[in-house]
Every structure is written in C-alpha cells, then in structure tokens.
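Spelled out from the first residue to the last, the chains are:
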Amino acid sequence: MRFQPKDKSKILVSAPGKIMILGEHAVVYGYPCLVTAVDKRIYIEASKIKGKKDIIIAPQVKESRFVEESINFFKERFKVNKSVRIKTFGDFSHRVGLGSSSAVTVAAFKALSVLFDKKLTLKEIFDLSYQVSLSIQKVGSGFDIAAATYGKTTYFVFGGKVINSFEVGNLPLVVGYSGIKADTPKLIKKVSRAYLVKGEQIKEIFKEINQLVERAKTCMSSKNYKELGLLMNKNHQLLKELKVSTVKLDDMIEAALKAGAWGAKLSGAGGGDCMIALVSEDKKRLVEAAIKKQGGEIINVNNNSEGVRQEYVNESNSDSTS
Ligand code: MEV
C-alpha cells in the first residue's frame, strides 16, 4: 500500500523489513548469506522545521538513536544545519525481529536526501546506514540494511562487499514468531567466544553453511523448493551446532516439518525471534496450525519486496536516489 501525505511540504518514504533465508552467523565471518525483503514496511514522514532542535517520534524502533544518528551523519556529511521533524509509523515494530532499526535508518537517509535535495545512490544509503548501525550496535554484517535498501532477495557478503539483488518471486514461506525477542549482539558474541575456543571446528561449520548458501541461490532461481527445503534443514542443524537455537524454535521447526513443510530453520540470530518454513500451498494451513500449536505466532508476510522508496513525489522534491 502506498500512502499519500495530506501536507505536501512533508516527504514520505518507506523501507521494508527482512527475513534471513540462509547463512546467518557465517555472514559475520565473511561468508555469504541470502536475505529477502518483506512487504511489511517502516514509513518515515519528514519535514523541515523552524528552531534549533530536531523532533523525532519513532515508536517503531527500540532506540530512537537510529534516527538521531542518521540525522547527525547526514547533517555532517552535507553541511546541513536546518532542523527536521521525523515521524515513523508502519506495519511492524521491533518486537518480531524483522529489522525495524535497519528499515528506519535506511528510510531516514532516503527521507533526508529527498528533503534537502541531495543525491544519494543506493550504495551510499547502504554505506551511511551501515555506519550508523555499527556506531550503535558495534556488531553486525549489514545484511538487514542491504535488504531495506535494495529490496528483493539478496545474496550478500559482510559489510556490503557483495550485494547482488535478484528477482526470485515470492518464496512460499511461513514465518513463525517464537514470542521471545532475540538479543542479536549477545548471540553474535556467543558465537565469537566459541570461535575463539574452537576456531577450526566453527570454521568448518561456516564453510558448510557457505556451500548451502551457494546451492540455495541456484535452487531459488530455478524454484527447486524441494531441494531448497533440504538445504534449510541442514542449515538449521549447523545453527544448532553453533548453539544458537532454542527448544521453542526447535519445536516449532519440527512441527512444521511433520506437517509437511519442505524445510524449516530458525531465521536470524537465534535465541528467539522467528523461524521460517518453506511450504507448498496445499500444506500451508496445516503447517501454520502446527506452528501455532507449539505456541508460535504466524507473521503474515510476502517476500521479495521493493527496497527503500519515496512514497510520494511532489514538484519541489523529486526523487533523488538512483
Ligand atoms: C542476525 O539476524 C543475523 C546475524 O548473522 C548477524 C548479522 O549478520 O548481522 C547473526
């Protein structure tokens, strides 16, 4: 759905949330991952205001610092000193782990670039947003920022070394929220501690994940969902070896498989947040019911969605991103 702001002096942009398909954790160590953008979006309404202070209303993110820092980085880079009002609203909150902080950050840079008529390419939006994310969270590969920026389904390597967005259509995924909010930085640290103690063993796990990601990319393009499902199952086993899954996630995954899913795995850092199952249309209801029976909440999303975009173009502020 596209919104039309009533007041045309305001800019309205949006960026999508994401779902990690394969490759989490390994991507932090330089291996690739596959991520898809979802049709749940964060919207930002922005306008220039009088006065010395910016006004930020951002209920969608846990920390309004993501917006504050984006404004600071933007003003510094473009030598802007006019104050702004930024208000976020949208289809999801930080609760479910769909990447609201990344979507907000990406949307903020896009909004500011349009508001002040400064050209920013998608790669520049990615780079600035990743800097903001690192300045706040200290860790992370940036895959979620790539999804919010470029949309579609993306083959991504740490820090944006490779960002290859490709069109695969809507993958038939069921998404189940475990009801527990994951602490991503904590889980990244947990894996890095294991890496320090048993480096070679963990490296072998990452190499295996790497192979799954490469094969999964081909399976996605050829819509070979049966094999893609098997790759997801293997990826989940490897994530279990990394000790980032939980009993609840494992139960939801097992139930989805028993109900006929082609494959299922945790999605993201683990420790909570969501699992995903790849499911044929005729098994979808059964799989959803099985996940719910384990206490999961179904998050209804389509994937392979559009990246950051301006929702409304008026004469004084035409779209400046290419
Ligand atoms: C978290 O959703 C996925 C991780 O790979 C972290 C990251 O890539 O930033 C664990």
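A quick note: this is a predicted structure, and the numbers were derived from the prediction, not measured. (Residues numbered from 1 in each chain as written. Predicted model: local features only at pLDDT ≥ 70, side-chain atom pairs only at ≥ 80, totals over all residues. Heavy atoms only, no water.)

Draft legend 1. The arrangement of the overall build of the protein in detail. In terms of helices and strands, the protein carries nine helices and eleven strands. Over its C-alpha atoms the protein spans a radius of gyration of 20 Å, differing by no more than 12% from the 20 Å that the globule rule assigns to 322 residues. C-alpha extents for the protein along the principal axes are approximately 60 × 45 × 35 Å. Counting over 322 residues, the protein shows a buried share of 56%. Sequence-distant contacts, at least 24 apart, represent 76% of the contacts inside the protein between residues at least 6 apart. Within the structure as shown, the protein displays about 13900 Å² of accessible surface, and the carbon and sulfur contribution to it stands at 50%. (Helix = DSSP H or I, 4+ residues; strand = E, 2+ residues; numbered from the N terminus. Rg over C-alpha atoms; globule rule 2.2 N^0.38 Å. Buried < 20%, exposed > 50% of the residue type's maximum accessible area, 1.4 Å probe, protein only. Contact = heavy atoms within 4.5 Å. Areas by Shrake-Rupley, 256 points an atom, 1.4 Å probe, with all protein chains shown as cover.)

Draft legend 2. Spatial organisation of helix α6 (residues 199-221). If you check α6, its first and last C-alpha atoms are 33 Å apart, about what 23 residues at 1.5 Å a residue would give, namely 33 Å. Looking at α6, one finds that the buried residues are Gly199, Ile202, Ile205, Phe206, Ile209, Leu212, Val213, Ala216, Cys219 and Met220. Against the buried residues of α6 lie β1 (11-22), β2 (32-49), β5 (153-157), β6 (162-166), α5 (184-197) and α7 (225-241). (Expected span 1.5 Å × (residues − 1).)

Draft legend 3. Looking closely at the sheet that holds strand β10 (residues 297-299). What the four strands build is an open sheet, ordered β8-β9-β7-β10; its pairing is antiparallel. Either end of the sheet is taken by a strand with one partner, and the two such strands are β8 (263-267) and β10. Geometrically, the sheet is characterised by an average inter-axis angle of 30° between neighbouring strands, direction not taken into account. Relative to β10, strand β7 (residues 173-177) is paired through three bridges, and the arrangement is antiparallel. Residue pairing in the sheet places Tyr177 in a bridge with Glu297 of β10. Set on the sheet, helix α9 (residues 284-293) makes contact with β7, β9 (274-278) and β10; between it and β7 the angle comes to about 15°. (Pairing = 2+ DSSP bridges. Axes fitted to C-alpha atoms, helices over the stretch in contact; angles between N-to-C directions.)

Just distances and angles here, no functional claims.
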